[in-house]
Amino acid sequence: MTESRGEEQSRSTGQVCDPVFMLAPPRSYSTVSLAMLAGHPQLYGFPEMLLFTAPTVGEILKGAGRRADAAWVKFGNVGIARAVAEIHEGSQSPVAVERAMDWLRAHGDWESVALMNHLLRLVHPKTGLEKSPDTVRSEDALSTCLQAYPTARYLHLTRHPVSTVQSMRKHWAAFFPPEMSPQVRTNMCLMSWYACHLRIVKALLKLPADQWMRVRAEDLLRAPRVWLPSLLDWLSLGHDNLTIQLMTRTEKWPFARYHEAAQGGGDFSFMRDPALRPVAAPSPELISPSWEITDEVRRRIVVLARYLDY
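Here is a short report on the structure shown in this document. (Residues numbered from 1 in each chain as written. Predicted model: local features only at pLDDT ≥ 70, side-chain atom pairs only at ≥ 80, totals over all residues. Heavy atoms only, no water.)

### Structural notes on the nonpolar core
Core analysis: the biggest nonpolar cluster contains 78 residues, and Leu 104, Tyr 149 and Tyr 154 have the highest contact counts within it. The leading source of residues in this core is helix α7 (residues 112-123), at seven residues. Once you skip the residues sitting within four places of it in the chain, Tyr 154 turns out to touch Phe 21, Leu 23, Cys 145, Leu 146, Tyr 149, Leu 204, Leu 207, Gln 211, Trp 212, Met 213 and Trp 234. Formed by 21 residues, the second largest nonpolar core is a distinct cluster that contains Leu 190, Trp 291, Ile 301 and Val 302. (Core = buried A, V, L, I, M, F, W, Y, C linked by side-chain atoms within 4.5 Å. Buried < 20%, exposed > 50% of the residue type's maximum accessible area, 1.4 Å probe, protein only. Helix = DSSP H or I, 4+ residues; strand = E, 2+ residues; numbered from the N terminus. Contact = heavy atoms within 4.5 Å.)

### Points about the pattern of salt bridges
For the structure shown, the criterion picks out 11 salt bridges. Across the salt bridge formed by Glu 48 and Lys 131, the nearest N and O atoms sit 2.4 Å from each other. Here Glu 48, found in the loop between β2 (43-45) and α3 (57-61), pairs with Lys 131, found in the loop between β3 (127-130) and α8 (139-148); they are 83 residues apart in sequence, far enough to count as distant. Judged by relative accessible area, Glu 48 falls into the buried class, the value being 17%. (Salt bridge = Lys/Arg side-chain N within 4 Å of Asp/Glu carboxyl O.)

### A few points about the side chain of Glu 86
With respect to the helices and strands, the residue Glu 86 is situated in helix α5 (residues 78-89). Despite being buried, Glu 86 has no salt bridge partner; Arg 82 is the closest side chain of opposite charge, sitting 7.3 Å away. Apart from residues no more than four positions distant in its own chain, Glu 86 is found in contact with Tyr 44, Ser 91, Gln 92, Pro 254 and Phe 255. (Lys, Arg positive; Asp, Glu negative; His and termini not counted.)

### Some remarks on empty space enclosed by the protein
Evaluation of the coordinates by the stated rule reveals one cavity of 30 Å³ or more. The volume enclosed by the largest cavity comes to roughly 40 Å³. As for the largest cavity, its lining consists of Val 20, Leu 37, Leu 43, Leu 129, Leu 155, Leu 231, Trp 234 and Leu 235. Here the residues of the lining of the largest cavity are counted per class, giving eight nonpolar, no polar and no charged. (1 Å grid on protein atoms, 1.4 Å probe; cavity = no way out; pocket = protein on both sides within 12 Å on 5 of 7 lines; lining within 4 Å. Points joined across faces, edges and corners; volume = space filled by probe spheres on them. Nonpolar A, V, L, I, M, F, W, Y, C, P; charged D, E, K, R; others polar.)

### Thoughts on helix α2 (residues 30-37)
Judged by how many residues are buried, α2 sits mostly within the fold: eight of eight residues are covered. Buried residues of α2: Ser 30, Thr 31, Val 32, Ser 33, Leu 34, Ala 35, Met 36 and Leu 37, and no others.

### Points about the side chain of Thr 158
Following the sequence through the fold, Thr 158 ends up in strand β4 (residues 153-158). A residue is classified by how much of its surface remains accessible, and Thr 158, at 0% relative accessible area, is buried. Within the structure, Thr 158 has its side chain in polar contact with the side chain of Tyr 310 (distance 2.9 Å). If we ignore the near neighbours within four places in the chain, the residues touching Thr 158 are His 197, Arg 214, Val 215, Arg 216, Ala 217, Glu 218, Leu 308 and Tyr 310. (Polar contact = N/O pair within 3.5 Å; in protein donor to acceptor, adjacent residues only side chain to side chain.)

### Focus: the state of the cysteines
The final tally for this structure, using the stated rule, is zero disulfides. Sulfur of Cys 145: no disulfide; nearest cysteine sulfur belongs to Cys 196 and is 14 Å away. You can call Cys 145 buried: its relative accessible area is 0%. With a relative accessible area of 2%, Cys 196 lands in the buried category. (Disulfide = S-S within 2.5 Å.)

### Considering the packing of helix α9 (residues 161-171) against helix α10 (residues 182-204)
At a closest axis distance of 9 Å, the pairing of α9 and α10 adopts a crossing angle of 125°. Classified by the interaxial angle, the pair formed by α9 and α10 is oblique. Note on packing geometry: the crossing formed by α9 with α10 is right-handed. Residues Pro 161, Thr 164, Val 165, Met 168 and Arg 169 of α9 lie in contact with α10, whose contacting residues are Pro 182, Arg 185, Thr 186, Cys 189, Leu 190, Ser 192 and Trp 193. (Axes fitted to C-alpha atoms, helices over the stretch in contact; angles between N-to-C directions. Parallel < 35°, antiparallel > 145°, perpendicular 65-115°, else oblique. Left-handed = near helix turned anticlockwise from the far one by under 90°.)

Structure below.
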């Protein structure tokens with residue numbers, strides 16, 4: 001892929017650390033998990049920026065690659081505006097966010113990767129940490145991420161299929177057509193869990209083993225003092241008891257709460273109350289009794305869930 005002028009400038013005007021990408025389907029506790037990791041003094045956690053859903057900044061702002069109405073596209077663009085406002089100005093005030101949107105529109109011809117490099121350069125020497133569920137919802141988006149950052153680290157965050165589907169059903173309720181039956185809604189959520197995780201698994205198998213790590217979100221959130229040290233060791237980042245304690249203060253993440261002009265960029269449930277809370281242990285049952293699925297679908301869900309250590 002030929003570099004755009006913006007990407008060339010971004011790479012030539014400062015250092016960039018290899019980023020870390022958290023790969024996870026929607027409703028995987030990824031926002032709170034990222035907020036926790038972002039508490040490390042050498043990591044910079046971005047909000048959801050959807051950078052790999054379209055080739056250019058302008059196309060991202062128009063919602064290319066996302067099947068949604070205008071209101072949802074506008075909501076999806078908030079994360080990228082918050083990131084630019086915070087990094088450029090150290091503020092997410094209404095005026096700062098609007099200036100960020102103006103800046104993004106003015107740089108609409110930049111390739112999406114150029115914007116990512118621009119932000120990585122500005123947060124250097126910290127390492128950028130990004131997660132957007134939309135990155136794993138299509139082959140094109142995930143391939144773009146992997147090809148643009150072949151030496152990045154990739155953290156595969158998982159969540160139990162039953163609790164994921166329950167969360168999807170609850171939080172996506174307003175977006176399902178009213179005529180859609182409950183069972184069809186459940187099946188759509190289940191297939192989203194399955195397709196996204198399978199896509200991630202296949203992609204990561206092509207990378208060197210030390211370049212990626214898989215962790216169950218339930219384990220990380222239930223016992224952060226057990227799991228954070230191994231995660232930080234994998235990232236070659238130092239840690240001590242005080243560092244781990246600070247990382248559990250997820251409400252301290254700069255993007256942890258919605259602002260007056262910044263209603264987006266992550267899970268709205270977490271952002272209403274961003275303090276770290278324990279989550280339920282994964283159920284030993286991999287299939288909900290209420291699911292009306294074929295034996296073949298059941299088999300595939302069980303095989304993948306067990307592969308993910310459930």
